[in-house]
Amino acid sequence: MRYLILFFIMTYWNLSFSQIKTLDIYIHHGQVLMYDSIAIDVTSFNNIDSFQAKHLNLKYSVGDSLLISIYNRDSSSHQLCIPYLNWFSDTIKTGDSLNSSLKLNQSGFFVLKDVIHNHNVLDGSIQVGYNNNKSFYWNIRSFSSVNSLNPYRPDYFTLNTHSKPDIVYDSSAVPVANVGDTVLIFIANTGLSYHSLHFHGFHSEILFSSKFSNHSGRLKDTFPIYPKQSLILRMVPDKTGIYPVHDHNLLAVTGGGIYPNGMFISMKINGQ
Ligand SMILES: [Cu+2]
């Protein structure tokens, strides 16, 4: 009897918090502007039917089911995927659309990317779980203003398509917290370069690593991240102040060859 009651409670629990959600993704071509007005051609996928010069960041709960519709308004074919979740759409030709579905059974933070194009697309991310935390999002990536893979010579490095100094206006990215807060930082490296983010002032703990599951629990101040991979970090600041975070590869702290107009962000920690 006890187990029967538990079964009904668990079933009710699941029905209460798991939901079927529709997700429309529109693929458009356009340009993203760097801090110095250099324009770079990209394709972006977003949930608005017009070009958005930003990365799509989706948030769901564990147990949610997605009914996905993808509309290709670009002039070339695309195929979207979330490799970590082993979800791949079919190829979507120009002007075409398709439907797919995805059940989200595990928590984490995953890169949503294009199978066919890997360097001139603003790849997105999907957060599953971790919904009741003070959270910040860094979609980090490199851009090549000549838009070529052969050779690939990135010369702009951004967080959420911004770089220093513009990044200070992105409230989803700039960590502002109080001493003693638990802060989660969701990081997706959607470019083709390797990065290694160095935190000044505080150590952070790895809660999730898409590349190395055995790195969970590591408490440190520098976090290498592979291309098309993601991390969730937990930080509990113990003192007030303004503390920088930057790529330890200083090339990535440049933009158009100018330092420090690249991957550089400051955390603001206030008193309680
Ligand atoms: Cu440093």
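About the cut-offs
Residues numbered from 1 in each chain as written. Predicted model: local features only at pLDDT ≥ 70, side-chain atom pairs only at ≥ 80, totals over all residues. Helix = DSSP H or I, 4+ residues; strand = E, 2+ residues; numbered from the N terminus. Rg over C-alpha atoms; globule rule 2.2 N^0.38 Å. Buried ≥ 20, exposed ≤ 12 C-beta atoms within 10 Å, placed from the backbone. Pairing = 2+ DSSP bridges. Axes fitted to C-alpha atoms, helices over the stretch in contact; angles between N-to-C directions. Contact = placed C-beta atoms within 7 Å. Core = buried A, V, L, I, M, F, W, Y, C linked by C-beta atoms within 7 Å.

### Some details on the overall build of the protein
Assigned secondary structure in the protein consists of 1 helix and 21 strands. Against the 2.2 N^0.38 benchmark of 19 Å for 272 residues, the protein shows a C-alpha radius of gyration of 19 Å, consistent with a compact globule. Of all 272 residues assigned to the protein, the portion counted as buried reaches 35%.

### A look at the sheet that holds strand β7 (residues 97-103)
Strand-to-strand pairing in sheets goes through backbone hydrogen bonds, with the strands running parallel or antiparallel. The sheet built from 5 strands is open, its strands ordered β7-β4-β1-β2-β9 with mixed pairing. Either end of the sheet is taken by a strand with one partner, and the two such strands are β7 and β9 (121-122). Sheet analysis places strand β1 (residues 20-33) next to strand β4 (residues 65-72), joined by 8 bridges and oriented parallel. Directly across from Asp24, in β4, lies its bridge partner Ser69.

### Some thoughts on the sheet that holds strand β18 (residues 222-225)
With mixed pairing, 5 strands are arranged side by side in an open sheet as β13-β21-β20-β15-β18. What marks the edges here is a single partner per strand, and that holds for β13 (176-178) and β18. Ignoring strand direction, the axes of neighbouring strands in this sheet form an average angle of 20°. Taken together, the 3 bridges between strand β15 (residues 195-199) and strand β20 (residues 241-247) define a ladder with antiparallel strand orientation. The residue bridging Phe199 from the neighbouring strand is Val245, located in β20.

### What to know about the environment of Ser97
One can find Ser97 in strand β7. Residue Ser97 is classed as partly exposed on the basis of its 15 C-beta neighbours within 10 Å. Separated by 72 residues in sequence, Ser97 and Ile25 place their C-alpha atoms 9.6 Å apart. Beyond its immediate chain neighbours, meaning those up to four positions away, Ser97 contacts Ser69, Ile70, Tyr71, Asn72 and Ile92.

### Section: the environment of Ser44
Relative to the elements of secondary structure, Ser44 occurs in strand β2 (residues 39-46). Sequence-wise, Ser44 and Ile27 are 17 residues apart; in three dimensions their C-alpha atoms are separated by 5.8 Å. Not counting residues up to four positions away in its chain, the partners in contact with Ser44 are His28, Gly30, Phe51, Gln52, Ala53 and Leu122.

### A short note on the pairing of β4
Bridging between β4 and β7 involves 7 bridges; their strand directions are antiparallel. Of the residues in β7, the one forming a bridge with Leu67 is Ser101.

### Some details on the pairing of strand β14 (residues 183-189)
On any regular strand, side chains alternate: one points to one face of the sheet, the next to the other face. Counting buried positions over the 7 residues of β14 gives 7, a clear majority of the element. Residues Val183, Ile185, Ile187 and Asn189 point to one face of β14 and Leu184, Phe186 and Ala188 to the other, with burial holding for every one of them. As judged from the 7 bridges shared by strand β11 (residues 134-143) and β14, these two strands associate in the parallel manner. Residue pairing in the sheet places Ile140 in a bridge with Asn189 of β14. In terms of strand pairing, β14 meets strand β19 (residues 229-235) through 7 bridges, oriented antiparallel. Bridge assignment links Val183 to a residue of β19, and that residue is Met235.

### Quick look at the environment of Asn160
Inspection of the secondary structure assignment puts Asn160 in the loop between β12 (156-159) and β13. C-alpha separation for the pair Asn160 and Asp170, spaced 10 residues apart in sequence, amounts to 8.3 Å. In contact with Asn160, not counting residues within four places along its chain, are Lys54, His55, Tyr137, Trp138, Asn139, Asp170, Ser172 and Ala173.

### Looking at the nonpolar core
Ile185, Ile187, Ile232 and Leu233 are the most contacted members of the largest nonpolar core, which totals 50 residues. Leave out the neighbours within four places in its chain, and Ile232 touches Phe109, Tyr130, Leu184, Phe186, Leu207 and Phe208.

### What to know about unusual backbone geometry
Phi is mostly negative for residues that are not glycine, and the peptide bonds are mostly trans. Residue Lys164 is joined to Pro165 through a cis peptide bond whose omega torsion reads 15°. Checked against the element boundaries, Pro165 lands in the loop between β12 and β13. Cis rather than trans, the peptide bond between Tyr259 and Pro260 has omega equal to 5°. Checked against the element boundaries, Pro260 lands in the loop between β20 and β21 (264-270). Even without being glycine, Ser37 reaches a positive phi, approximately 75°. With respect to the secondary-structure elements, Ser37 resides in the loop between β1 and β2. A tally of 7 C-beta atoms within 10 Å means that Ser37 is categorised as exposed.

It is worth stressing that arrangement in space is one thing and function is another; only the former is reported here.
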